[in-house]
Amino acid sequence: MHPLPHRSLRFSLPLQLALAGALGIGSLAIAQAETPPPSLAPATQQLAVAAPASPTVVVPPVAQQLAAIDPRWSSSFEAFAAADLKQAPQPGGVVFVGSSSIRLWNDLETSFADQPVVIKRGFGGSQLLDCVKLVNRLVLPYKPRMVVVYAGENDLSEGATPRDVLERFTAFVRAVKAELPESRIAFVSIKPSPSRAGLMASVRETNELIKAYSVTEPQLDFIDVFSSMLGADGQPRPELFLGDRLHLNAEGYALWQRIIALHLKG
């Protein structure tokens, strides 16, 4: 495998602030980096001399680190880059991003064949926080009309609180909207995985928080797959999962397809 070519990345101020918020970087420092020092020349001299072009803003080192790819996902991002080189997707499509539930959806593109462009950008083991960090690679280049996100389950499993996941999703939304203000964003509810039964209360709370947040933003959708994945007894339906009791089988993905498709129309 060959590493991805290095790119010098620059972000607009709104995107830098959104990413900085997700990572706890002081927004004041970034804002200051965007503001050139005032000219010390006398006013009369400034009138006589044409104003110089605005200096190129250098991205702070921390923001540059957002381009780094975790070695666990290098093969996934190499595959993304190779696919884009082979045939660059047309703008205005639907981008699916997130963790292994997206990555392992083998027939995702054909499952939504009524959509002109469907782009799958899932990388297994990732958290919603990783989607925020890598939004410039996962979403922004494709200029989609809609972004479908399935992430947050791994965040909870790694110790994040429901409010942490909400804050990470709001940071993702801000980052996308800063560059693509017309794009819609749909959050697929965290599923009730039998192998993570101990997280069920946190999953429910996270879903409710993000659902409530989505109501406040006109370009957000909340896609509830959680409810349909529970049986009459209120427990996860085991027939929707593989033997690991974590990932979906064909029946589980068929259920997701029916629910998600209703949100992709229009």
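All figures in this text were calculated on a predicted structure; none of them were measured in a lab.

Visitor: Just to check I follow, could you spell out the pairing of strand β5 (residues 220-223) for this structure?
Guide: The side chains of a regular strand alternate between the sheet's two faces. Burial along β5 is two-sided: L220 and F222 and D221 and I223, pointing in opposite directions, are all buried. In this fold, the crossover linking strand β4 (residues 184-188) to β5 by way of helix α12 (residues 200-216) has right-handed handedness.

Visitor: Would you take a moment to explain the pattern of salt bridges for this structure?
Guide: Oppositely charged side chains may form a pair once their charged atoms are brought near each other. For the coordinates displayed, the defined rule picks out seven salt bridges. The residue E153 makes a salt bridge to K191 at a minimum N-O spacing of 2.6 Å. Taken together, the residues E153 in helix α10 (residues 153-157) and K191 in the loop between β4 and α12 connect sequence positions 38 residues apart. Residue K191 is classed as buried on the basis of its relative accessible area of 2%. One salt bridge connects D221 with R184, and the closest N-O pair in it is separated by 2.9 Å. Residue D221 is located in strand β5, and its partner R184 is located in strand β4; the two are separated by 37 residues in the primary sequence. D221 sits in the buried class, given a relative accessible area of 17%. Here the salt bridges do not stand alone but share partners, grouping E153, K191 and R196 into one network.

Visitor: Would you mind showing me how to read the packing of aromatic side chains here?
Guide: Any two aromatic rings considered together are summarised by their centre-to-centre distance and by the angle between their planes. The full count for this structure, using the stated rule, is 13 aromatic pairs. Aromatic side chains F96 and W105 sit 6.2 Å apart centroid to centroid with 70° between the ring planes, which places their arrangement in the edge-to-face category. The two residues F96 and W105 agree in class, both being buried. Taking 6.1 Å as the distance between ring centres and 70° as the angle between the ring planes, the aromatic pair formed by W105 and W256 counts as edge-to-face. With W105 in the loop between α6 (100-103) and α7 (108-111) and W256 in helix α13 (residues 250-264), this residue pair connects regions lying 151 residues apart in the sequence. W256 carries the same exposure label as W105, and that label is buried. Three or more aromatic residues joined by ring pairs form one cluster here, namely F96, W105, F112, Y150, Y253 and W256.

Visitor: Would you explain α13 in this entry?
Guide: Relative to the 21 Å expected for 15 residues at 1.5 Å per residue, α13 spans 21 Å between its end C-alpha atoms, a close match to the ideal helical length. Buried residues of α13: G252, Y253, L255, W256, I259, I260, A261 and L264, and no others. Against β1 (94-98), α6, β3 (146-150), β4 and β5 lie the buried residues of α13. Put simply, N249 is the residue that caps the front of α13, since its side-chain oxygen is 3.0 Å from the backbone nitrogen of E251.

Cut-offs used in this document
- Residues numbered from 1 in each chain as written.
- Predicted model: local features only at pLDDT ≥ 70, side-chain atom pairs only at ≥ 80, totals over all residues.
- Heavy atoms only, no water.
- Buried < 20%, exposed > 50% of the residue type's maximum accessible area, 1.4 Å probe, protein only.
- Helix = DSSP H or I, 4+ residues; strand = E, 2+ residues; numbered from the N terminus.
- Right-handed = clockwise from strand over helix to strand, strands pointing away.
- Salt bridge = Lys/Arg side-chain N within 4 Å of Asp/Glu carboxyl O.
- Phe/Tyr/Trp six-rings, centres within 6.5 Å; stacked < 30°, edge-to-face > 60°.
- Expected span 1.5 Å × (residues − 1).
- Contact = heavy atoms within 4.5 Å.
- Polar contact = N/O pair within 3.5 Å; in protein donor to acceptor, adjacent residues only side chain to side chain.

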